[in-house]
4 protein chains.
Amino acid sequence: MEPKLRMGMIGGGRDAFMGHVHRMAARLDGKCELVCGAFSSTRQQSLKSGEDILGSAGRVYGSYRDMLRKEARLPEEDRMQFVSIVTPNNMHYPVAMAALDAGFHVVCETPMTVSLEEALNLRRKVEQTGLVFCLLQCYTAYPMVQEARSLAAGGKLGTLRRVVAEFPSGWLASRLETSGQKQAAWRTDPRRIGKAGCMADLGSHAHYLAHFVTGERVAEVCADLATFVNGRPLEDDGSVLLRFDSGARGVLWASQVAIGEENTLSLRVYGTEGSVVWTHRDPNTLIVHWGDRATEMRRTGTPHVGAYAADATRLADGRPEGYIEAFANIYRNFCMALRRVLDGDPVPDAQCGFPTVSAGVADIAFVEAVVRSAGAGEKWIPVEPAAEG
Amino acid sequence: MEPKLRMGMIGGGRDAFMGHVHRMAARLDGKCELVCGAFSSTRQQSLKSGEDILGSAGRVYGSYRDMLRKEARLPEEDRMQFVSIVTPNNMHYPVAMAALDAGFHVVCETPMTVSLEEALNLRRKVEQTGLVFCLLQCYTAYPMVQEARSLAAGGKLGTLRRVVAEFPSGWLASRLETSGQKQAAWRTDPRRIGKAGCMADLGSHAHYLAHFVTGERVAEVCADLATFVNGRPLEDDGSVLLRFDSGARGVLWASQVAIGEENTLSLRVYGTEGSVVWTHRDPNTLIVHWGDRATEMRRTGTPHVGAYAADATRLADGRPEGYIEAFANIYRNFCMALRRVLDGDPVPDAQCGFPTVSAGVADIAFVEAVVRSAGAGEKWIPVEPAAEG
Amino acid sequence: MEPKLRMGMIGGGRDAFMGHVHRMAARLDGKCELVCGAFSSTRQQSLKSGEDILGSAGRVYGSYRDMLRKEARLPEEDRMQFVSIVTPNNMHYPVAMAALDAGFHVVCETPMTVSLEEALNLRRKVEQTGLVFCLLQCYTAYPMVQEARSLAAGGKLGTLRRVVAEFPSGWLASRLETSGQKQAAWRTDPRRIGKAGCMADLGSHAHYLAHFVTGERVAEVCADLATFVNGRPLEDDGSVLLRFDSGARGVLWASQVAIGEENTLSLRVYGTEGSVVWTHRDPNTLIVHWGDRATEMRRTGTPHVGAYAADATRLADGRPEGYIEAFANIYRNFCMALRRVLDGDPVPDAQCGFPTVSAGVADIAFVEAVVRSAGAGEKWIPVEPAAEG
Amino acid sequence: MEPKLRMGMIGGGRDAFMGHVHRMAARLDGKCELVCGAFSSTRQQSLKSGEDILGSAGRVYGSYRDMLRKEARLPEEDRMQFVSIVTPNNMHYPVAMAALDAGFHVVCETPMTVSLEEALNLRRKVEQTGLVFCLLQCYTAYPMVQEARSLAAGGKLGTLRRVVAEFPSGWLASRLETSGQKQAAWRTDPRRIGKAGCMADLGSHAHYLAHFVTGERVAEVCADLATFVNGRPLEDDGSVLLRFDSGARGVLWASQVAIGEENTLSLRVYGTEGSVVWTHRDPNTLIVHWGDRATEMRRTGTPHVGAYAADATRLADGRPEGYIEAFANIYRNFCMALRRVLDGDPVPDAQCGFPTVSAGVADIAFVEAVVRSAGAGEKWIPVEPAAEG
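Remarks on the interface of chain B and chain A
Part 1 of the argument: Facing 46 residues of chain B, the contacting portion of chain A comprises 46 residues.
Part 2 of the argument: Area buried by chain B at its contact with chain A is led by B:Arg161, B:Ile259 and B:Lys379, which between them contribute 23% of it.
Part 3 of the argument: One salt bridge in this structure joins A:Asp237 and B:Arg162, with 2.5 Å as the shortest N-O distance.
Part 4 of the argument: For the interface between chain B and chain A, the tally reads 24 residue pairs in polar contact (both at pLDDT 80 or more).
Part 5 of the argument: Contributing elements (two or more residues each) for the side of chain B that touches chain A: β7 (160–168), β8 (218–226), β9 (237–244), β10 (249–255), β11 (266–271), β12 (274–279), β13 (285–290) and α12 (357–374) of chain B.
Part 6 of the argument: With seven residues, β9(B) is the largest single contributor of residues to the side of chain B that touches chain A.
Part 7 of the argument: Residue classes in the side of chain B that touches chain A are distributed as 21 nonpolar, 13 polar and twelve charged.

Below, the structure written as structure tokens:
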């Protein structure tokens, strides 16, 4: 066993749902260890959270600037090696930029930034520094999503025609944000989540899942966004028509007000030879339809799946793997890549087992186009190719 | 037992899938009896089909005009009492108009006509003649669709916000129409199916299901239609953003090229208090989500459903009811209404247990708006209210 | 179209659930026509039911003896050609014997008789008279049960090892029989249902399904029967260990007190190469597991199933077929066989598309062994091979 | 955060599936830390595994005796505080006894021992030493199993009548044990797994699940065990009739040769008021049927479940929790209890959030009765109450 990589955390205080998920996922494989953190936006909260989370074993800082500065001054063998950013969305960008400037590798929550301009700046920074940047989008790390990608992007379904991506949830069906629920408060506040609500929170995941599995780029969108809960400044539901570069068509729906839906991300991709259906509701199954033979149910942990799916699998067949395992796959793959980089290998490209800064750029370009489309009179709005880096 | 109503059939020859379904459904409850038919567009084919279908027991005609004229001259106690129209789409209108002119009540396949102008004319004719007109849209006759309507249109789900309607199939994923398959040939031929392909064939059903269950009208559409199979003149796939009069939003997807999808009509409706999920894949289950308690699975044949669902149910719980039973519900309800009309009651209005000419008008108005939208540069295209009759 | 076969019905009055099912199923394909009936055990009830069911169109009799005698005297072209027996269980035998004696072909509800002695007598009578006898066990007529049989009995699953058959329901979870519910009254009354309750009503179907799909005979049973509802004279739940002639093992569970279960007949068969899973809850799907490749979902109406399944299918893929269609398949196959016999062909053997008197004998032998086992101190009780006819 | 408890591991070398699961589960909540191990039965293998698993951070021993002796001599603040036993079954007992003798708290894999005599000795030893003993049976730690128990053992389903427990898998459908697969080799070898094969490996879990959820004890069994794969000395499949103390009846089936089944543990419990259905195939759903209202689907992470389920849940609704999380719940609960004991609280009783030595005794008593029944001519074999400790 190699020594554990030293990880710091910014945001993700003791009451934060995602911070807790990150810590469990990071621990699962024993490849890294949380050594320090600046867990909240106020000094006092951060210290309190730090005591809970790290105990006396770790280094707790009152602010992320403090942490980056002081950690950078520690001896190399103690210093944190990468930082996980688990703040509200608007802080991803300044924190990530500062961390990269301070020489730290980064794991960043989604959505990567709150504007395409920020996303492009961040990509430039990543390229300039040569540091490893991982966007923590966990859904693509499910074994059966990997299998779907092998089939769809791998050409086994023929030419792709039609994509249906959904990410409905119902957690904001009433005005939870005025009840003191912190999650709801920042996720409905334009100052912290940016120009989009539901589309930034959920739609971007559905977009990335479709992009990842098909290997194709959304070229144009036509969006209808709605705000169903009175007094909410941003959209809490929206549907989007998609046109892909390749000629495939798609539709994407995300919602925060769909009562009964539980984070039910799903994707269906139809090609000329076959199709795949995946849903987060039953994540270890991939339905594969074929034009010329009976439908298959491929399952995590069985020998009847490909190498990418197997690589994302920890257990034997029939032992359900879930959200934490998918999340942990990203941490594991990031740590393995970072270990190699620390050993002198080049920085990995996009096919490294975790989403990179480019994935973040693609997501933000999509969300910006959606927001622009929602306010537009014309039907189709191009998605900024963002190719010029 | 009352005597059986005498039914004639136009179209639906021995090789026609839907004609066979109509005859099974009409027989199921023993409320009517096929006594005559003009089964094909050619005299010879019609006679051949008639021999197979009716034997010597019935009256077979070489053309529908012939049939309407000759039946009208028969003594009242022998004459057919209503006619089922099961022709390709373009013939629904002329045949229905002629039947009504000849004084016959009508059961008509969907889509009712190939243009809104025809649909409005037909509605006027129905009103003028005072005859009973039934649009045979079977999906709304499933017990659990009735239950969904009781909840959604009945206000139990609160104010409705979001609708997702789908009708994917994969039967035209390759160019079946050039293989000699008759169904495929006319359903892809603009002269016989009209201005829309997939949207007329499948989209109109998804539209009507959404309309029926919510009790709300689609006011505006924004559509993206695609033709994926080369050489096909009409769209074989399309997705549509929906805005309802009430402010609810929706999305509708229909496809003939979605390999693996089997006529998988489905509907999801989300309100402020709860939501319902129904799919043709498991038609005897209605998933009902509530904001304040655990999800329910309501099931056909159990005592835990409302009166409309119970009325559409023939069997005890756990005995699956399917497509033919739903279809037969329409025939049964039509026959019961017609019997009352023949006994002197007034013609039933829209809440009579089967879709009337108004349903047909609403569908065609929707399809026309979708086709217009597909070719338009502006985003939202209004659906003709068609209220002026 | 050939003329319809003339059918009579004994039992199945207007309040009887199964009589209604038989009439719908018999009508569905238009191959037979109900011309006469003795619908109840009392003259008055029979006449009242007859009026409802047949109207003036048919011949209603006050007793089955009356009906058999008088029909036999009618001119051949008017006389009923077969009789459907839909009485409580204890009457199946005397009615069937009388009908055969009177020269009528027979369709008989399950279980065929209330004792093995009766069953063997009846088989002898069928053989002596050379008449066609159909046991109306509908479950084996589902397309996906046919597909299961093609795989299991057809050797595609390798040597069969393990069978799990279930038929739970919950309709008698409380003491419904004292509430005036007729069905419940006779189905819990030993004078009318015989020595077994739940095992005669449900267990026999699970047994026959296992026997039909595997093509193997249960040789020994070890049963535990229970009566959970106080005051009920017969068992309302039971589980049985099975040993097949071939060496395969099985377990069978049937219940009338399993709240929430809705007639949920299911069968799983495991062999050395693969396995099949079928459930009445989702009757148009057959799950097929293979040792060496991904699991398949075979579906009614698709091209990816065998000839037997296709033959039992009426509709295109995705149009759910249910209980009435399965039931009607038996009527259709019986009518087709009877037509051939009337045309001079020999009486069909066991592979004729419907269960024959031999199926009834096998079922009763099984139920008798189960009842014997339940009261026995020794573990294994042989099932009477009943081979000597 | 409190300091992590120091854990040692015996067995579970680098190629052992369960050792890996234990380590992931133990890490997930950060409540304990692996500090030492004796990972294999040979010195060399143990050291090799130790290097992989612990690196230089830990203490690796050549044998478990060595480890227990040397750890016991370490200063209290360094010494391991509990040991996880992940050896083949036959070693659970000697290792557990030695660990308790050496003063260490114990987490032990299932089945606890290979004979009831051992199990009773071990229970006596646990009681004498006053140390904390946890049987690592993970399935009862699933949130929806906890919910099932609240309903069933909590009396909400009324008087329990019928239990159906299953644990089929197909991993030994062919003779894997001769292929060099280590897991298969020891799990089919009577010297290492004991008197039972499939029943020890899988049946004991199904038994415990039924016992846990119902709160009732199996009093008598009637078993049929089979060995389907030639040359295998122990049963690889078996079904068992169950009679509970309370009068409830049950059936249990476990198999290692059921191709396509993936560790598909499931439980159904039917009472006079309602019933529950849980399956490992969809572990975050509990189906709850009621006699007097519609069926519910209760789901992990929603607010519509009870306190025990909520306590076993880590994530928000819709984020699937799986096998590792259930496993980790046991570790977490054990660590929390152990922490309290170390702080001076009394040793927890059976309602402590993890299975104790009594659960192990009950399982072994069940398996022994099953094995005895399989060879017996009489029908019912009592399960040793094992109450005398």
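Picking up where we left off.
A short note on unusual backbone geometry
Part 1 of the argument: The linkage connecting A:Thr110 with the following residue, A:Pro111, adopts the cis geometry, with an omega of -15°.
Part 2 of the argument: Examined against the element boundaries, A:Pro111 turns out to sit in the loop between β5 (105–109) and α5 (116–129).
Part 3 of the argument: Phi at B:Asn263 takes a positive value of approximately 60°, unusual for a residue other than glycine.
Part 4 of the argument: Looking at the secondary structure, you find B:Asn263 in the loop between β10 and β11.
Part 5 of the argument: By relative accessible area, which is 3% here, B:Asn263 ends up buried.

What to know about the interface of chain D and chain B
Part 1 of the argument: Taken residue by residue, the interface counts eleven residues in chain D and eleven residues in chain B.
Part 2 of the argument: Roughly 790 Å² of surface becomes buried between chain D and chain B when both sides are summed, with 68% attributable to carbon and sulfur atoms.
Part 3 of the argument: The tally of links from chain D across to chain B stands at zero salt bridges.
Part 4 of the argument: Where chain D packs against chain B, one counts four residue pairs in polar contact (both at pLDDT 80 or more).
Part 5 of the argument: Here the side of chain D that touches chain B takes four residues from strand β14 (residues 295–299) of chain D, the largest share from any one element.

Some details on the environment of A:Glu118
Residues and elements named next belong to chain A.
Part 1 of the argument: Turning to its location among the elements, Glu 118 is positioned in helix α5.
Part 2 of the argument: On a C-alpha basis, the gap between Glu 118 and Tyr 93 in space is 6.6 Å, while along the polypeptide they are 25 residues apart.
Part 3 of the argument: In this view, Glu 118 contacts Tyr 93 and Thr 113; residues no more than four positions away in its chain are not counted.

Considering the relation of the copies chain D and chain B
Part 1 of the argument: Relative to chain B, chain D is turned by 180° and slid 0.0 Å along the rotation axis, the superposed coordinates differing by an RMSD of 0.0 Å. Expressed as a symmetry operation, the mapping of one chain copy onto the other fits a two-fold axis. Within chain D, the C-alpha atom positioned nearest to the axis of rotation is that of D:Glu296, 2.2 Å from it.
Part 2 of the argument: Most of the interface of chain D is mirrored in chain B, where 100% of its interface residues again form contacts.

Structural notes on the packing of aromatic side chains
Part 1 of the argument: Counted by the stated rule, this structure contains 36 aromatic pairs over all chains.
Part 2 of the argument: Geometrically, the ring pair formed by C:Tyr270 and D:Trp253 is tilted, given 5.4 Å between the ring centres and 45° between the ring planes. Here C:Tyr270, found in strand β11 (residues 266–271), pairs with D:Trp253, found in strand β10 (residues 249–255), and the two come from separate chains. The pair C:Tyr270 / D:Trp253 is uniform in exposure class, with both members buried.
Part 3 of the argument: Cluster of aromatic residues (ring-pair linked, three or more members): A:Phe82, A:Tyr331, A:Phe334 and A:Phe354.
Part 4 of the argument: The residue whose ring lies beneath C:Arg149 is C:Phe212, and the NZ or CZ to ring-centre distance is 4.6 Å.

Things to note about the environment of D:Leu241
Part 1 of the argument: Considering the arrangement of structural elements, one finds D:Leu241 in strand β9 (residues 237–244).
Part 2 of the argument: Residues D:Leu241 and D:Gly306, 65 residues apart in the sequence, show an inter-C-alpha distance of 31 Å.
Part 3 of the argument: D:Leu241 has contacts with C:Cys222, C:Ala223, C:Asp224, C:Ser239, C:Val240, C:Leu241, D:Glu220, D:Val221, D:Cys222, D:Gly250, D:Val251 and D:Trp380, leaving out every residue within four places of it along the chain.

Calculation criteria
- Residues numbered from 1 in each chain as written.
- Chains lettered and ligands numbered in written order.
- Predicted model: local features only at pLDDT ≥ 70, side-chain atom pairs only at ≥ 80, totals over all residues.
- Heavy atoms only, no water.
- Contact = heavy atoms within 4.5 Å.
- Buried area = accessible area lost by both parts, 1.4 Å probe.
- Salt bridge = Lys/Arg side-chain N within 4 Å of Asp/Glu carboxyl O.
- Polar contact = N/O pair within 3.5 Å; in protein donor to acceptor, adjacent residues only side chain to side chain.
- Helix = DSSP H or I, 4+ residues; strand = E, 2+ residues; numbered from the N terminus.
- Nonpolar A, V, L, I, M, F, W, Y, C, P; charged D, E, K, R; others polar.
- Buried < 20%, exposed > 50% of the residue type's maximum accessible area, 1.4 Å probe, protein only.
- Least-squares fit on C-alpha atoms with pLDDT ≥ 70 in both.
- Phe/Tyr/Trp six-rings, centres within 6.5 Å; stacked < 30°, edge-to-face > 60°.
- Lys NZ or Arg CZ within 6 Å of the ring centre and 35° of its normal.

In short, geometric facts, not functional conclusions.
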